[in-house]
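# Chains, contacts and geometry: an overview
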Amino acid sequence: MSNPDLSVIIPVYNEEEGLQTLFDRLYPALDALQRPYEVVFINDGSTDRSAALLRRQFEKRPGDTRIVFLKGNYGQHMAIVAGFEQARGDRIVTLDADLQNPPEEIGKLLAAMDAGYDYVGTIRQNRQDSTWRRWASRLMNRLRERITRIQMTDQGCMLRAYDRKIVRAIASCNEVNTFIPALAHTFSSNPTEVEVKHEERAVGQSKYSLYSLVRLNFDLVTGFSVMPLQLFSLLGMVLSLLSGLFVVYLFIRRLIVGPEAEGLFTLFAITFFLISILLFGIGLLGEYVGRIYQQVRGRPRFLIEAILEAPPGNNPHSGETPQG
Ligand code: UDP
Ligand code: MG
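Model, not experiment: these values are computed from the prediction. (Residues numbered from 1 in each chain as written. Chains lettered and ligands numbered in written order. Predicted model: local features only at pLDDT ≥ 70, side-chain atom pairs only at ≥ 80, totals over all residues. Heavy atoms only, no water.)

## A closer look at the coordination of the magnesium ion (ligand 2)
By definition of the ideal shapes, four donors in a tetrahedron about a metal sit 109.5 degrees apart, and six donors in an octahedron sit 90 or 180 degrees apart. Here is the rule: Note: metal donors comprise N, O and S atoms at 2.8 Å or less from the metal (3.2 Å for Na, K and Ca); water molecules are not included, so apparent gaps in a site are possible. Only protein chains enter the accessibility calculation, which uses a 1.4 Å probe. A residue is then buried if its area is under 20% of the maximum for its type, exposed if over 50%, and partly exposed in between.
Here the magnesium ion (ligand 2) is held by Asp98 (OD) and Gln100 (OE1), and the distances to it run 1.9 Å. You can call glutamine 100 buried: its relative accessible area is 10%.

## Points about the nonpolar core
Our working definition: For the purposes of this section, nonpolar cores are sets of buried Ala, Val, Leu, Ile, Met, Phe, Trp, Tyr and Cys residues that join through side-chain atoms within 4.5 Å. Each helix is a run of DSSP H or I of at least 4 residues and each strand a run of E of at least 2, with the numbering of both proceeding from the N terminus. Any two residues whose heavy atoms approach within 4.5 Å are treated as being in contact.
Ranked by internal contacts, the top residues of the largest apolar core, which has 34 residues, are Ile10, Leu26, Val39 and Phe41. Breaking this core down by element, the ones donating at least two residues are strand E1 (6-12), helix H1 (16-31), strand E2 (37-43), helix H2 (50-60), strand E3 (65-70), helix H4 (106-114) and strand E7 (191-196). The element best represented in this core is H1, accounting for 6 residues. If sequence neighbours within four positions are ignored, phenylalanine 41 has contacts with Ile10, Val12, Leu22, Phe23, Leu26, Tyr27, Leu54, Thr65, Arg66, Ile67 and Val68.

## Considerations on helix H6 (residues 164-171)
An α-helix turns once every 3.6 residues. As a result, residues three or four positions apart point the same way. Going by this rule: In this context, the arc is that of the directions from the helix axis out to the C-beta atoms. Nitrogen and oxygen atoms within 3.5 Å of one another constitute a polar contact, given that in protein one can donate a hydrogen and the other can accept it, and given that sequence-neighbouring residues count only through two side-chain atoms.
Of the residues making up H6, those classed as buried are Ile166, Val167, Ile170 and Ala171. Looking down the long axis of H6, one finds its buried residues gathered within 135° of arc, a one-sided arrangement. For H6, the capping residue at the N-terminal end is aspartate 163, with a side-chain oxygen 3.0 Å from the backbone nitrogen of lysine 165.

## As for the confidence of the model for the protein
Applied cut-off: On a scale of 0 to 100, pLDDT captures the predictor's confidence in every residue.
Residues with a pLDDT of 70 or more make up 96% of the protein, whose mean pLDDT is 92. In the model, residues 318-324 has pLDDT below 50 throughout and makes 18 contacts with residues more than four positions away in sequence or in other chains.

## What to know about the pattern of salt bridges
Basically, it comes down to this: For this analysis, a salt bridge means a side-chain nitrogen from Lys or Arg found within 4 Å of a carboxyl oxygen belonging to Asp or Glu.
Tallied over the full model, the rule gives 22 salt bridges. Here arginine 201 ties to glutamate 15 by a salt bridge, and the two come within 2.9 Å at their closest N and O atoms. With arginine 201 in the loop between E7 and helix H8 (210-224) and glutamate 15 in the loop between E1 and H1, this pair connects stretches of sequence that are 186 residues apart. When sorted by exposure, arginine 201 lands in the same class as glutamate 15, which is buried. Through salt bridges with shared partners, a single ionic network connects Glu15, Asp98, Arg201 and Lys207.

In structure tokens:
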């Protein structure tokens, strides 16, 4: 059975409102590339009609559509890993289901791969997201740049292209918590970036709450660097030195001036400050330890309920019969 040139991996979580528009734009855009392709949708435990819509689309285009149904909601990055495990293409492109990244841009990424790059990242032109999200991403991009060696302009955009070797390496990683663009970057020998258009989410809502964004960014930070922990030991050294000096000062002062009850609130302020740093440190440690715990339990990262695909022999074709 011959492999398609291209696998497009799309995680889907409660996207019923937008899926039909996605199909209507995605398949013609891929047909226009004139290469054999497959689209792998991963239903990440949707609770709306997404699963039914995906099934219907499979019936329309069984030759170049495959659907992986996960047993629960494992998150965007795990869903993509599930897709990576199934992908048969020589090149793999990830895309969001919400059309914020136009599928018409895929050709641009493939052109960069034709030029010899094994990983094509993307930079969103005029990113269409809320101001606070743009601001928070910029901050996280900077932080990541400082604490890891990963060079990316825009880590959050999921329209990306990967060589099959990189995808194989990611699929074999067994990481429970991961951040795909960064992981791919560490496996890439010749990465590049291209600019792509970005659109507002037309329908449905972002699946990321503030809380899950914070969690995701901890995955990025803890997954690729231990520098935060190391900074903590440095900070601990500096602070204990300073507070040591302070104790000496207070002691000498007591010998010279005598006992004092004033300045109590200043002492409280200093104590609260130190306690908050301590709490943050324990929390940070917890982020690492929690992940180690999840990892050593060795449970499956996700469970697959079913895979919908054409029986072997029915090769993915280049879509000469555009009906969907
Ligand atoms: N997604 C997923 N599982 C989740 C959350 C999101 O598969 O638990 C999918 C979602 O359906 C979409 C993509 O990941 O295709 C990106 O999600 P979203 O557009 O909500 O993220 P944002 O653009 O706000 O970062
Ligand atoms: Mg989106």
